[in-house]
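Residue strings, one per chain:
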Amino acid sequence: MVSERSAIARIASRIVRATVFLPMLLRHRKARSAVYLFAVALAFCALHDSSAVLVPFLIWMVPGTSVAMLPGEPAALAAAQMLRSGTMSIPETALTVAFIAGMAAGISAIADHALLTWVRERDRVQTLMDHPIAQRVLSLFDTMPFATIYLFSFLPLPFFAVRVVSIAARYPIERYSLATALGRFCRYFVIALLGAVFILPDWAIIGAFVLLVVAFLVIRNRHQNGNDNSENVTIP
């Protein structure tokens, strides 16, 4: 029970943190473009026949693929299950979920880039660059930056390091957001495909979603606490 409360509190804190940064981001020209893109994506989802599923999914996935790091995998599984229970085919379901997740990731990438650029301008990126994971990513990023961003978006790897290295290297925001969106599209296509193939009853979908969210955040919380105890480095 304590772990569940801790996980729920962690979700709330991440949402609040994202909200606090919003006014600052809106003063950044590139961040405003993320807001415009979100409005377009939201309109697309609202006009879709499955808007009741896609609108909440998009709203969840934007912070889920950003520095707020809400767990997107269980949301993608749940969305795929709900879409598949209707008239969508398996390939259409997987493509739809992946497309929305890719759009959300591209929007988040622009906002993240603006946020971390603001951090860099205040000489705070070096603290993040000193993190050992960021140092290991740097050598790979120097040789193939686009592929590195894509791979870290697609695979279950610590993406925060790529965010930090991209900003420190002043990598163009257009390429960064494109690589992130492509990687997340492929990642969530695989997840949605699994969710579309293995159909569960509604009660099982809801229960699995809650359990996956709690388990995901508890594990991440313990992992981050372990890192904080061994290394005094703060990652936004």
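Above: the structure in question.
Heads up: these notes are all about the structure in this document. Just so it is clear, the model here is predicted, and its values are computed rather than measured. (Residues numbered from 1 in each chain as written. Predicted model: local features only at pLDDT ≥ 70, side-chain atom pairs only at ≥ 80, totals over all residues. Heavy atoms only, no water.)

### Topic: the overall build of the chain
Part 1: Counting secondary structure elements, the chain contains eleven helices and zero strands.
Part 2: Counting across all 236 residues of the chain, residues that qualify as buried make up 44%.
Part 3: At a minimum sequence separation of 6, the contacts of the chain that also span at least 24 residues come to 77%.
Part 4: Put simply, the chain shows about 12200 Å² of open surface, and 68% of that area lies on carbon and sulfur atoms. (Helix = DSSP H or I, 4+ residues; strand = E, 2+ residues; numbered from the N terminus. Buried < 20%, exposed > 50% of the residue type's maximum accessible area, 1.4 Å probe, protein only. Contact = heavy atoms within 4.5 Å. Areas by Shrake-Rupley, 256 points an atom, 1.4 Å probe, with all protein chains shown as cover.)

### Notes on the packing of helix α3 (residues 51-64) against helix α4 (residues 73-84)
Part 1: It is at 10 Å that the axes of α3 and α4 come closest, and there the two elements cross at 170°. If you check the angle between α3 and α4, you find them roughly antiparallel. Of the residues in α4, those in contact with V53, L54, F57, W60 and M61 of α3 are A75, A76, A79, M82 and L83. (Axes fitted to C-alpha atoms, helices over the stretch in contact; angles between N-to-C directions. Parallel < 35°, antiparallel > 145°, perpendicular 65-115°, else oblique.)

### Description of the nonpolar core
Part 1: Membership of the largest hydrophobic core comes to 27 residues, with the highest contact counts inside it found for F57, L58, M61 and V97.
Part 2: It is helix α5 (residues 90-121) that provides the largest number of residues to this core, a total of eight residues.
Part 3: Residues in contact with V97, not counting those within four places in the same chain, are F57, A76, A79, A80, L83, Y188 and A192.
Part 4: One finds F159, A161, V165 and A179 within the second-largest nonpolar core, a separate group that totals 13 residues. (Core = buried A, V, L, I, M, F, W, Y, C linked by side-chain atoms within 4.5 Å.)

### What about the packing of aromatic side chains?
Part 1: Tallied over the entire structure, the rule returns five aromatic pairs.
Part 2: Here the aromatic rings of Y150 and F154 are separated by 6.2 Å at their centres, their planes lie at 20°, and the arrangement is stacked. Note that Y150 and F154 are positioned in helix α8 (residues 145-154) at a spacing of four residues, about one turn of the helix.
Part 3: Of the residues examined, Y150 reaches a relative accessible area of 25% and is grouped as partly exposed.
Part 4: Note on F154: relative accessible area 28%, which makes it partly exposed.
Part 5: When the ring of F159 is compared with that of Y176, the centres are 6.5 Å apart and the planes differ by 20°; the resulting orientation is stacked. (Phe/Tyr/Trp six-rings, centres within 6.5 Å; stacked < 30°, edge-to-face > 60°.)

Keep in mind these numbers describe shape, not what the thing actually does.
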